[in-house]
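Structural overview
Each chain is listed here by its residues.
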Amino acid sequence: MEINTQSSLKFLGVNILSVQFHSQKPFHHGEKIPVSLEIDPTAFFPSLRPNDFTILMDVKVEAAGFFELHLVASSEFETDETLEEETRKNFVNANALAIMFPYIRAFIASFTANLGDRFDSLSLPPQSFHGEVPVGEDEPVEN
């Protein structure tokens with residue numbers, strides 16, 4: 001009988017690389033204003049570190065006429081063994097975004113909670129990620 005062992009994935013944390021916020025007028029949740037959320041992730045597989053990969057996530061949150069929030073975050077992941085790029089892509093598409101996004105949600109909630117009385121804390125809903133994450137060049141360019 002053959003037993004297959006599964007590689008483990010280690011999450012090394014989230015780094016917020018940039019935040020831009022612009023407020024046009026006060027925003028309070030009781031106003032029931034539609035808020036749009038756009039998430040654009042990219043995966044990077046460094047050729048010199050075949051056990052690692054990086055996710056760069058570009059997040060835009062907007063309530064037209066009220067505010068715009070744009071942030072870029074990166075997360076590093078590591079596996080316990082050298083994996084083919086296709087296997088690393090499977091980790092990205094199945095796990096990495098779901099692991100990373102709650103940290104970004106928490107950052108946005110904390111950031112907006114500290115904006116003063118012109119703005120209520122913004123709590124984004126959990127997200128499900130489907131589809132294939134595009135792959136960037138060898139290393140992400142950090143701001």
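First, a word on what this report is: a plain description of the structure on this page. On a predicted model such as this, the values are computed, not experimentally measured, just so you know. (Residues numbered from 1 in each chain as written. Predicted model: local features only at pLDDT ≥ 70, side-chain atom pairs only at ≥ 80, totals over all residues. Heavy atoms only, no water.)

**So, the overall build of the protein**
Counting secondary structure elements, the protein contains 1 helix and 4 strands. Overall, the protein shows an N-to-C arrangement of helices and strands of β-β-β-β-α. Here the protein holds 143 residues, and 31% of them are scored as buried. Counting contacts in the protein only where the partners sit at least 6 residues apart, residues at least 24 apart contribute 74% of the total. Accessible surface, the protein as shown: approximately 8500 Å² in total, 49% of it carbon and sulfur. (Helix = DSSP H or I, 4+ residues; strand = E, 2+ residues; numbered from the N terminus. Buried < 20%, exposed > 50% of the residue type's maximum accessible area, 1.4 Å probe, protein only. Contact = heavy atoms within 4.5 Å. Areas by Shrake-Rupley, 256 points an atom, 1.4 Å probe, with all protein chains shown as cover.)

**Section: the environment of Ile39**
Counting through the fold element by element, Ile39 comes out in strand S2 (residues 36-44). Here Ile39 is in contact with Met57, Asp58, Phe101, Gln127 and Phe129, once residues within four sequence places are set aside.

**So, the environment of Thr54**
Here Thr54 is to be found in strand S3 (residues 52-63). A relative accessible area of 1% means that Thr54 is categorised as buried. For the pair formed by Thr54 and Ala43, sequence separation is 11 residues and the distance between their alpha carbons is 5.8 Å. Within the local environment of Thr54, its side chain forms a polar contact with the side chain of Glu76, the two groups lying 2.9 Å apart. (Polar contact = N/O pair within 3.5 Å; in protein donor to acceptor, adjacent residues only side chain to side chain.)

**Overview of the nonpolar core**
One finds Ile55, Phe67, Ile104 and Ile108 to be the most contacted residues of the largest nonpolar core, which totals 28 residues. Listed by contribution, the elements that provide at least two residues to this core are S3, strand S4 (67-79) and helix H1 (85-113). Looking at this core, the element that brings in the most residues is H1, giving 8 residues. The residues contacting Ile108, other than those within four sequence positions of it, are Val59, Val61, Leu69, Leu71, Leu122 and Leu124. (Core = buried A, V, L, I, M, F, W, Y, C linked by side-chain atoms within 4.5 Å.)

**A few points about the pattern of salt bridges**
Counting across every chain of the model gives 2 salt bridges. Here Asp52 ties to Arg49 by a salt bridge, and the two come within 2.8 Å at their closest N and O atoms. Its relative accessible area of 14% is what places Asp52 among the buried residues. The exposure class of Arg49 is partly exposed, given its relative accessible area of 32%. Where salt bridges share partners, they join Arg49, Asp52 and Glu76 into one cluster. (Salt bridge = Lys/Arg side-chain N within 4 Å of Asp/Glu carboxyl O.)

**Topic: the sheet that holds S2**
The pairing of strands in a sheet comes from backbone hydrogen bonds and takes either a parallel or an antiparallel form. Spatially, the 4 strands line up as an open sheet ordered S1-S4-S3-S2, and their pairing is antiparallel. On the outer flanks of this sheet lie strand S1 (9-23) and S2, each paired with one strand and no other. Each strand of the sheet is rotated relative to its neighbour by a mean of 15 degrees, with strand direction disregarded. (Pairing = 2+ DSSP bridges. Axes fitted to C-alpha atoms, helices over the stretch in contact; angles between N-to-C directions.)

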